[in-house]
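# Understanding the architecture of this molecule
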Amino acid sequence: MKVIHSWLKDYLGESLPDVNKVEELLTFHAFEVDGIEEVAGESVIDVDVLPNRSSDCLSMRGIARELATITDTALARDPLAELVSLSPTDKVSIQIADSAACPRFTASVITGVTIKESPEWLQKRLRAMGQRPINNIVDATNYVMYSLGQPMHAYDADLFPQMNGQWQIGIRFAVVGETVSLLAEGGKTEDRIIELTGTELLIVEGSTDSPVGLAGVKGGRFAELHSGTKNIIIEAAHFDPQVIRKTARRLGILTDASKRFENEPSRELPPYAQRDIIKLITEIAGGECVGLVDEYLVKQKENITNVSRINVNRLLGLNLSLAEVKKIILRTGAEVIEEDSDSITVRSPWERSDLVIEEDYIEEVGRIYGLHNIVSVMPEAQSLAEINVKQYYTERIRRVLLEQGFSEVMTSSFQKKGTIQLQNALASDKSYVRESLRKNITAVLDANFIHTDLLGIPDIRVFEIGTVFIKTETSVSEYIAISLGVRTKGNGYSPKDDVIIKNGCTAVEKILGAEVVWQTEKGVAEGNLDVVLKTLPVPDAYDALPALSQVSYKAFSLYPAIARDIALWVDDGVVAEVVAETLVAAAGPLLVRHTLFDTFTKDARTSYAFRLIFQSTERTLTDIEINPIMETVYQAVTAKGWEGR
């Protein structure tokens, strides 16, 4: 949401902080701020309004009210606190086919307007918002939308046929195969013809039932304003947010209006927007308001909630009095309607659809009080009610396998293929749940063997303890499995893998004091832990945690490593450490690891073979970079009188 600093002053007056202070207040108490920039002579704050507050804060008034709440000041002018008094008119007839899809629809009529350019102040603010000024009527509808958060649309009234002296407007769902001509987008000259599927909500001209536009998304060519327009109808309505969102997403027409409708602004808002648009248009376009038609079929429910001081303090870790809790909640605009010794009952402001349950108000207390003011408290130690058998024994398994050189991995429970399919999959490649850990363990071995040189290890050893799922004729059940995997060579399985696997399995059985039925295949073993855990005794206490050594973290490179081998003869008595120092000094900063992997002595000389690993934190290395480095290494070897092999 683009927020213009000077526009906020219309609501906050002299209590408005400077633009940098506004950024700080919003960041620490409400929303992230993506940046501040100068546009068209205005300071524009880019505020990341989250979905839970988009119903009221996708507007200048909403952000201004939020700042007033945070700073505990009153708005100098609050358009939503001013009474709306508009005369009714019978010049427009509204027919709503589905009250759930359109609970409220208002239409005002203004006659005798003059279409022209907007005044400079209005154009300037719209440009700062990233909008292209069009004419004074359209610009006014956009201005009020940005001000209050209520989308609006203007029609040329004289292009609507009249029946019995009334303009007829209908709201209904589309018919399959029906089409609507929408206004051109993004500077294009051609209209867009949309074929409808029956799920879209339409505004129609009632006498002929012809589509006028996509409700809540975009207006149509029918009744478009033009330079000769004199009489206009202004629409401000409330539409079902899911209907609007699905239509906008399916058609790829994401407008400022649809964004606001899909976040469901209050049903109470349309008359306030009508009042402001009528005032603005008559000031900048002339004319006279004939009156307003308001079809309010389904009223907005009041949100009344009980807030307990005890629950506030328990969840936030504070020790506020009820008076302090009450004072903070009143700052949101909520009204306290009942109070007892330890709780209050509050009615939320009608524009705040996010304040429904007690936890909503507790969140408000926390952020307004300031989460940075909440002191961390170490909880008191409590005696254990029981020992978790699974946690106890799996932790012992982890320790013994880590001692054996295995690393623990945690892989996804979801797979692209399988026999147990999810009813609501997270993604197309995660439609099934795993029936075994073996496939995932094999994938881990395949992906990680190439890192053995970089890590300085001879092989890859991994294990996982996780849930797998099995399907019977009548149901799906799950159990905890353990799987071990070993890879000693890069091109796949080797019989050496099974030797290491067997040692790992034996270590697991020894620490459990029970046999596990293993299924071993090509360097991967798997067993059912649930079966074994049920036979083991319940421990009296957890094992004492070992003392942790000091650990420091260093960011790893995201780029692949390159390995080079060098073998050389040295005189008898030259130790490997001296050779390594020479190689490291010559190789330079791109050398991240060196490993001695072969040594033998013959004829009073010793042969050393080293593997040198090069890697950059900034780029992928190539032979063009590494070959000159290796030449430097060989030159250093020659200078020492050693012979390269």
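Below, the structure is looked at part by part. Because the structure is a prediction, the values reported are computed rather than measured. (Residues numbered from 1 in each chain as written. Predicted model: local features only at pLDDT ≥ 70, side-chain atom pairs only at ≥ 80, totals over all residues. Heavy atoms only, no water.)

Moving on to the pairing of strand 26 (residues 562-571). Pairing between strand 26 and strand 28 (residues 605-614): 10 bridges, direction antiparallel. Bridge pairing in strand 28 places Leu 568 opposite Tyr 608. Sheet topology places strand 26 next to strand 29 (residues 643-644); 2 bridges connect them, and they run antiparallel. Considered in strand 29, the bridge of Leu 568 is made with Gly 644. (Pairing = 2+ DSSP bridges. Helix = DSSP H or I, 4+ residues; strand = E, 2+ residues; numbered from the N terminus.)

Further remarks concern the pattern of salt bridges. As enumerated under the stated definition, the model contains 46 salt bridges in all. The residue Lys 21 makes a salt bridge to Glu 24 at a minimum N-O spacing of 3.4 Å. Linking Lys 21 with Glu 24, this pair stays in helix 2 (residues 19-29), spanning 3 residues, or about one helical turn. Arg 309 is the partner of Asp 342 in a salt bridge, and the nearest nitrogen-oxygen pair spans 2.7 Å. Note that Asp 342 is positioned in the loop between strand 17 (335-339) and strand 18 (343-347) and Arg 309 in helix 10 (residues 309-316), a separation of 33 residues in sequence. Take Asp 342: its relative accessible area is 21%, and that puts it in the partly exposed class. You can call Arg 309 partly exposed: its relative accessible area is 23%. Here the residues in one salt-bridge network are Arg 53, Asp 56, Glu 66, Arg 352, Asp 354, Glu 364 and Arg 367, joined through shared partners. (Salt bridge = Lys/Arg side-chain N within 4 Å of Asp/Glu carboxyl O. Buried < 20%, exposed > 50% of the residue type's maximum accessible area, 1.4 Å probe, protein only.)

One finds Leu 26, Ile 63, Leu 67, Ile 137 and Ile 281 to be the most contacted residues of the largest nonpolar core, which totals 58 residues. With near-sequence residues (within four places) excluded, Ile 281 lies in contact with Ile 110, Val 113, Ile 137, Ala 140, Ile 232, Ile 234 and Gly 286. By size, the runner-up hydrophobic cluster in this structure holds 38 residues, among which are Ile 194, Leu 202, Val 243 and Leu 251. (Core = buried A, V, L, I, M, F, W, Y, C linked by side-chain atoms within 4.5 Å. Contact = heavy atoms within 4.5 Å.)

Between helix 6 (residues 136-148) and helix 9 (residues 270-284), the least distance of the axes is 10 Å, while the angle of their chain directions is 145°. The interaxial crossing formed by helix 6 with helix 9 has right-handed handedness. For the pair helix 6 and helix 9, the contacting residues are Asn 136, Ile 137, Ala 140, Thr 141, Tyr 143, Val 144 and Leu 148 in the first and Tyr 272, Ala 273, Asp 276, Ile 277, Leu 280, Ile 281 and Ile 284 in the second. Among the residues forming the contact of helix 6 with helix 9, the class breakdown is 11 nonpolar, 2 polar and 1 charged. (Axes fitted to C-alpha atoms, helices over the stretch in contact; angles between N-to-C directions. Left-handed = near helix turned anticlockwise from the far one by under 90°. Nonpolar A, V, L, I, M, F, W, Y, C, P; charged D, E, K, R; others polar.)

The subject of this paragraph is the sheet that holds strand 2 (residues 32-39). Sheet architecture is open: 3 strands sit in the order 1-3-2, paired in antiparallel fashion. Of all strands in the sheet, those bounded by a partner on one side alone are strand 1 (2-4) and strand 2. Mean inter-strand twist for the sheet, computed between neighbouring axes without regard to direction, equals 30°. Contacting strand 2 and strand 3 (42-48), helix 2 crosses the sheet at an angle of about 160° to strand 2. On top of the sheet, helix 5 (residues 120-128) reaches strand 1, strand 2 and strand 3; it is set at about 40° to strand 3, its chief contact.

Turning our attention to the environment of Ile 281. Its place among the elements puts Ile 281 in helix 9. Of the residues examined, Ile 281 reaches a relative accessible area of 0% and is grouped as buried. Note: C-alpha distance between Ile 281 and Asn 136 (145 residues apart in sequence) is 7.5 Å.

It is worth spelling out helix 19 (residues 623-639) at this point. An ideal rise of 1.5 Å per residue puts 24 Å on 17 residues; helix 19 measures up with 24 Å between its terminal C-alpha atoms. Every buried residue of helix 19 is accounted for by Ile 626, Ile 629, Met 630, Val 633 and Val 637. Taken around the axis of helix 19, the buried residues stretch over an arc of 100°, which confines them to a single face. Turned more than 90 degrees off the buried face of helix 19, the exposed positions are Ile 624, Gln 635, Thr 638 and Ala 639. Tucked inside the fold, the buried residues of helix 19 contact strand 26, helix 18 (576-587), strand 28 and strand 29. Following helix 19 by one or two positions, Gly 641 has its phi on the positive side, about 85°. (Expected span 1.5 Å × (residues − 1). Arc of directions from axis to C-beta.)

The 3 strands lie next to each other as 16-18-17, forming an open sheet whose pairing is antiparallel. Two strands in the sheet have a free side with no partner beyond their single neighbour: strand 16 (304-308) and strand 17. Taken over all neighbouring pairs, the strand axes of this sheet differ in orientation by 30° on average, direction set aside. In the sheet, strand 16 pairs with strand 18 via 5 bridges, with the strands oriented antiparallel. Among the inter-strand pairings, Ile 304 is bridged to a residue of strand 18, identified as Arg 347. Its contacts with the sheet place helix 12 (residues 358-369) against strand 16 and strand 18, and it is angled at close to 60° to strand 16.

A word on a nonpolar patch on the surface. On the surface, a nonpolar cluster with roughly 560 Å² of combined accessible area is contributed by Tyr 553, Phe 556, Leu 558 and Tyr 559. Residue placement: Leu 558 occurs in the loop between helix 17 (529-533) and strand 26. Residue classification places Leu 558 among the exposed positions, given a relative accessible area of 74%. (Patch = residues over 30% accessible without salt bridge, like charges linked within 9 Å, V, L, I, M, F, W, Y side chains within 5 Å. Areas by Shrake-Rupley, 256 points an atom, 1.4 Å probe, with all protein chains shown as cover.)

Take it as geometry only, folks, not as evidence of what the structure does.
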